[in-house]
Structures are given as structure tokens and as C-alpha cells.
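Chain by chain, the residues:
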Amino acid sequence: MLVALAAGALAGCADPGATASRHPSASMTVPRPVVFTPTPDPDPQAAPAVTRAQVVARYGHLSPHYWGFGAPGVLRHAPAAGRVIALTFDACGGPGGSGYDQALIDFLRRRQVPATLFLNSRWIDANPAAFHLLAAEPLFEIGNHGTRHRPLSVTGRSAYGIPGTRSAGEVYDEVAGNQAKLTRLLGRPPRFFRSGTAYCDDIAARIVTDMGVRVVTFSVNGDGGATFTPAQVSSPVAAAGAGSLVIGHMNPPEGGTARGIAAAVPILLARGYRFVRLSDQSR
Ligand SMILES: [Zn+2]
């Protein structure tokens, strides 16, 4: 049983099925100056956009028609305009997923590279000191990576062997549990949610939108669920184009993500790209 749990947790961090979006034709023209400003925070005192009972009543009888990374309404590209790239890193939590890639975070700090960090509830519980440091840094935006790290399904569909949520109510629970924790810890609700494995069906995506949170997937698979070597990481990330949304992982310190990102970021900076958090919008 323990072996099965451990294997499942590792698979839960894997997103190997994604396609890498490459933009090799990126030109070398000088980018126009862009100023980034975060969008205003939602009112932390506001009542939840929707209750569990309302979600069950609205969506409990609906059948999904889509399963994957591209459900209608999900965010797959950096929202800011221009020559920008959004780096995102998941911390999956649970057995095998609650480590902390200090080298990756130190690199981002040293180079002042903004990023959005999707944290699972179990990872936060296992890393309270690291969480508080990350949450206090404006360089990083904190997103919701679920309560139990489940693929987001209303019918129990699985991804990489990880069983998904089984109903509209369980979709609500998977999002709301960690959303409440993060709202309490941050003093404001996270704006973005990425499910465990990043899989989501179209009904689940509508539910999360109703909850006032944006579902995020990705356009560039940066580390293959933290399975890539440094070279396998740097290759697709360095080839990312304008508007790319890169997924990587920050929980396995022994992976190739930190060295791969450290190799790719200078290349992208030299090509005139800038890095944004998901809340950063150009003006
Ligand atoms: Zn994950």
C-alpha cells in the first residue's frame, strides 16, 4: 500500500503528456518598452462567489465533453502582451512531493525573475517556514494547486494513474479547501488554480470560474513532471516564445529543473524577453 501511494504521488507530479510550444521564429527586433502592474486584489472580505450547494445544483446534472489541458476558459498563455514569458512552478505535496527545490528559488531570487508558484495544501503543511518566506516576496505570486492534488473531473476520470474528483461537489472541495487555507495565510484569495496533473474537464473549469478563480494549464512543458534532465528542461524553455506559459516543479530538489531553468533564463533575457507573474498586465 505504501509503495502504491508513493508511486501515485510521483505520478501526480508528472505532466508528461503536454506538448511543448516552441516559437523558433522569434525575431531579434528590439522590444517596445512595457511597464507591468499587478491587477488589483479582490476584496478579501467578500463572500465566496458561490457555495457548494449552488455548485451541486448548477452542475451536478451536467456531463463533460472535454478532458485535458485546453478546456474552454482556462489560461494557457501569459496574460500580458508583448515579449513576455510566464514561469510557473508547482509544489505537489504529499508523499514524494513535499520537498523544496531551494536552488531553483535561490536562482529566481538572485536574477530577480518573477514567477507564479502553485502550492498544494499538503506542501504548505510540510513547509511552513518556506511558505511564509515565499508568500512575503513580491517577486512571487502564490496560486492554488489543490487540496488533495486531484485531476479536476466531475466523473472521476484519472490522469497518470491518479484518480480525479468524482462529482461537482468534489471539484468544489478540491479547490475550496486549499483556497480557504491560502486566503487565511495570505490575507487575500489566490486568483489562479492549477489542478493536480493540470487535467481538467469543461464542467470543472466552469465550476472553478464560478468560484471566482481562473484555471491555469500551460503552453510549454518545462520539466515533464520534474522528470527531465537539465538539458531536457533548458531546451524547450529556451525556445519558448512570446506569451508562453511554462510549467515546472519546485518540490523535487533532486530534479533537473533548477539547472535547466538557470541555463534557459539568460538565453531568454538576451533575446529580449521579460518574465511576468500571471497577475501582471501590460499597460
Ligand atoms: Zn502537481
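Just so you know, the residues in each chain are numbered from 1, in the order the chain's sequence is written. The predicted origin of the model limits local features to residues at a pLDDT of at least 70 and limits the giving and counting of side-chain atom pairs to 80 or more, whereas totals for whole chains, interfaces and linings rest on all residues. Side-chain measures here rest on the full set of heavy atoms in the structure, leaving out hydrogens and waters.

> Can you break down the nonpolar core residue by residue, with the values?
Nonpolar cores were defined as sets of buried Ala, Val, Leu, Ile, Met, Phe, Trp, Tyr and Cys residues, with membership established by side-chain atoms within 4.5 Å. Each residue is placed in one exposure class: buried if its accessible area under a 1.4 Å probe, protein chains only, is under 20% of its type's maximum, exposed if it is over 50%, and partly exposed if it falls in between. Core analysis: the largest hydrophobic core is formed by 37 residues, its most contacted members being L87, L108, L117 and M250. With five residues, the single largest contributor to this core is helix α9 (residues 257–270). In this view, L87 contacts L108, V113, A115, T116, V246, V265, F275 and V276; residues no more than four positions away in its chain are not counted. One finds C200, I207, V208 and M211 within the second-largest nonpolar core, a separate group that totals 22 residues. Strands here are runs of E lasting at least two residues and helices are runs of H or I lasting at least four, both read from the DSSP assignment and numbered beginning at the N terminus. The contact criterion used is simple: two residues touch if any of their non-hydrogen atoms lie within 4.5 Å.

> Provide a residue-level description of the pattern of salt bridges, including the pertinent values.
By salt bridge we mean one thing: a side-chain nitrogen of Lys or Arg within 4 Å of a carboxyl oxygen of Asp or Glu. The tally for this structure, following the rule as stated, stands at eight salt bridges. A salt bridge links R52 to D173; the nearest nitrogen and oxygen atoms lie 2.8 Å apart. A residue pair is termed long-range when its members are at least 10 positions apart, and R52 in helix α2 (residues 52–59) and D173 in helix α6 (residues 168–186) qualify at 121 residues. If you follow the salt bridges from partner to partner, you end up with D106, R109 and E137 in one network.

> Give a description of unusual backbone geometry that names residues and reports values.
In this structure, H149 is a non-glycine residue whose phi angle is positive, near 60°. Structurally, the position occupied by H149 is in the loop between β5 (140–144) and β6 (158–159). Judged by relative accessible area, which is 5%, H149 ranks as buried. One non-glycine residue, A198, lies in the positive phi region at around 70°.

> Provide a residue-level description of α9, including the pertinent values.
Between its terminal C-alpha atoms α9 stretches 20 Å, which fits the 20 Å expected from 14 residues at 1.5 Å a residue. Residues of α9 that are buried include every one of T257, A258, G260, I261, A264, V265 and L268, and no others. Immediately downstream of α9, the backbone of G272 shows phi near 90°, a positive value. What a helix should span is 1.5 Å times the count of its residues minus one.

Worth remembering: the numbers are spatial, not functional.
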